[in-house]
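A closer look at the structure
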Amino acid sequence: MRGESHGINVLADDLFFFRERNRERHKSPRNKDGRGSEKSVTIQAPTGEPLLGNESTRTEEVQDDNWGETTTAITGTSEHSISQEDIARISKDMEDSVGLDCKRYLGLTVASVLGLLVFLTPVAFILLPPILWRDELEPCGTICEGLFISVAFKLLILLIGTWALFFRKQRADVPRVFVFRALLLVLIFLFVVSYWLFYGVRILDSRDRNYQGIVQYAVSLVDALLFIHYLAIVLLELRQLQPMFTLQVVRSTDGESRFYSLGHLSIQRAALVVLENYYKDFTIYNPNLLTASKFRAAKHMAGLKVYNVDGPSNNATGQSRAMIAAAARRRDSSHNELYYEEAEHERRVKKRRARLVVAVEEAFIHIQRLQAEEQQKAPGEVMDPREAAQAIFPSMARALQKYLRATRQQHYHSMESILQHLAFCITNSMTPKAFLERYLSAGPTLQYDKERWLSTQWRLVSDEAVTNGLRDGIVFVLKCLDFSLVVNVKKIPFIVLSEEFIDPKSHKFVLRLQSETSV
């Protein structure tokens with residue numbers, strides 16, 4: 001009798017759990033948007049843009065996931081809830097962004113001033129003597145004119161090379177300075193200062209009259225600057241081309257991994273390369289796919305209750321043992337429940353996928369037939385790609401919405417983005433399969449809007465200084481808001497390759513026949 005009452009209680013608890021799940025599933029979209037807004041405020045906003053965006057972005061944030069069934073009008077109102085912790089976090093992010101901007105512009109200013117000094121120094125060396133003591137200079141003639149042309153073309157080549165190597169758009173903000181670039185700037189500064197000191201002592205003070213020697217002195221400065229530029233190319237570009245290390249990048253939430261080969265780089269530059277490849281190689285992070293196992297564990301624990309039929313007592317050890325024994329019995333049959341749940345989910349996904357494919361193919365056939373008929377109509381009745389997409393979208397909206405719900409992708413695709421993609425496919429005469437490729441399987445992060453990335457601000461965690469070079473066995477972590485990337489560095493092994501010569505005349509064969517064979 002006690003076992004039957006326990007089974008009835010377990011069944012009642014399971015029914016109550018499923019009712020609560022259905023009730024949470026059918027809640028209004030305001031709660032969903034409230035949670036989404038609380039998560040989105042922790043991402044650092046770009047400089048110069050309002051934190052909560054304009055009216056169009058607010059409208060997109062409060063859009064209901066049930067756009068295929070319930071959306072009848074789009075309003076411009078929204079609700080945002082921000083706590084004191086969120087405000088403190090936002091202020092801290094803004095202070096960090098201000099510091100990064102100051103550091104970025106300070107480095108650019110220093111490099112620009114130094115570059116201007118470098119290019120004006122040879123010109124000043126040549127122009128100062130004729131301005132200060134023109135009458136005392138010895139005539140130079142054709143030799144100096146040829147040197148002037150040489151200096152002009154060398155400075156032009158140096159200007160183009162410097163612009164191509166140094167003045168690039170910055171891709172990211174790194175925590176430390178680039179060591180080799182800083183060393184090159186210091187070297188150029190010391191080099192120019194030493195030339196100015198020699199010029200001031202030996203030429204300006206003594207008023208040297210040998211103008212040809214002064215011009216050749218300026219030419220030697222330009223030649224030395226060209227050699228320093230060649231050294232910068234070797235250190236900044238050529239040194240890292242040969243692969244020396246293999247980096248294994250593992251996402252902490254789902255275990256997805258990729259391998260990359262890099263050369264001699266610092267830890268922070270290697271982290272930057274990893275992040276650049278992450279956005280195009282890794283599938284977008286979907287936290288909804290990780291809730292199935294948590295829901296399953298919560299369901300098992302919610303169905304366990306211990307009743308004391310002998311009255312109240314303080315024997316907590318007995319109750320804990322009863323809980324452990326009941327959990328062990330439930331765990332013995334949990335693999336069967338997992339198997340049937342996954343099989344049911346796969347069956348439902350395949351069914352909704354088939355419905356979606358049929359709906360999209362019928363819609364595309366319809367718009368193709370409309371295009372053939374519209375060519376004979378008046379020009380005012382011809383539809384543009386946007387109008388054509390809006391005309392065929394309702395016939396596939398419900399099937400697409402159900403499939404995105406089944407695969408937990410509905411929060412990555414808004415109605416506006418789907419209409420834009422559909423209009424793009426119609427404009428370029430793409431097939432239904434090309435249109436569905438974005439929705440049938442998860443794509444890389446760059447495929448989606450930046451508002452859906454959930455990973456724009458990263459933190460580099462390393463046991464060593466981030467300016468140190470890569471070496472075998474180093475592990476560093478790149479953390480963002482919801483997950484992290486664990487990077488393990490392995491050195492590429494030294495390969496010993498030997499040669500073995502085979503004489504072409506040795507390729508001779510004999511056919512052996514037996515009495516049992518059919519040949």
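- Looking up the chain in an unreviewed UniProt entry gives the name Vang-like protein, with the organism given as Ursus americanus.
- In UniProt, the chain has this text filed under Subcellular location (unreviewed entry): "Cell membrane".
- Turning to the chain, the UniProt record has this under Sequence similarities (unreviewed entry): "Belongs to the Vang family."

**Some words on the packing of helix H12 (residues 385–406) against helix H14 (residues 432–440)**
- It is the contact of H12 with H14, at a shortest axis distance of 11 Å, that shows an interaxial angle of 30°. As summarised for this structure, H12 and H14 are arranged roughly parallel, according to the angle between their axes. Of the residues in H14, those touching H12 at Met396, Leu400, Tyr403 and Leu404 are Phe435, Tyr439 and Leu440.
- Partitioned by chemical class, the residues of the contact of H12 with H14 number seven nonpolar, no polar and no charged.

**Looking at the packing of aromatic side chains**
- With the rule as written, the count across this model stands at 19 aromatic pairs.
- When the ring of Tyr278 is compared with that of Phe483, the centres are 6.0 Å apart and the planes differ by 40°; the resulting orientation is tilted. With Tyr278 in helix H8 (residues 267–281) and Phe483 in the loop between strand S4 (475–479) and strand S5 (484–491), the pair connects residues that are 205 residues apart, well separated along the chain.
- Of the aromatic side chains, those joined through ring pairs into one cluster are Phe125, Phe191, Tyr195, Trp196, Phe198, Tyr199 and Tyr217.
- The ring centre of Phe483 lies 5.9 Å from the NZ or CZ of Arg251, which sits over that ring.
- The ring of Phe282 carries the charged tip of Arg258 above its face, separated from the ring centre by 5.2 Å.

**Some thoughts on the UniProt feature "transmembrane region" (unreviewed entry) in the chain**
- Per the UniProt record, "transmembrane region" (unreviewed entry) is annotated on residues 105–127, 147–166, 178–199 and 214–236.
- The straight-line gap between the two end C-alpha atoms of residues 105–127 is 32 Å; of that span, 100% is helix and 0% is strand.
- Helix makes up 95% of residues 147–166 and strand 0%, and the two end C-alpha atoms of the span are 27 Å apart.

Rules used in this analysis
Residues numbered from 1 in each chain as written. Predicted model: local features only at pLDDT ≥ 70, side-chain atom pairs only at ≥ 80, totals over all residues. Heavy atoms only, no water. UniProt positions renumbered as here; feature names shortened; annotations may be inferred. Axes fitted to C-alpha atoms, helices over the stretch in contact; angles between N-to-C directions. Helix = DSSP H or I, 4+ residues; strand = E, 2+ residues; numbered from the N terminus. Parallel < 35°, antiparallel > 145°, perpendicular 65-115°, else oblique. Contact = heavy atoms within 4.5 Å. Nonpolar A, V, L, I, M, F, W, Y, C, P; charged D, E, K, R; others polar. Phe/Tyr/Trp six-rings, centres within 6.5 Å; stacked < 30°, edge-to-face > 60°. Lys NZ or Arg CZ within 6 Å of the ring centre and 35° of its normal.

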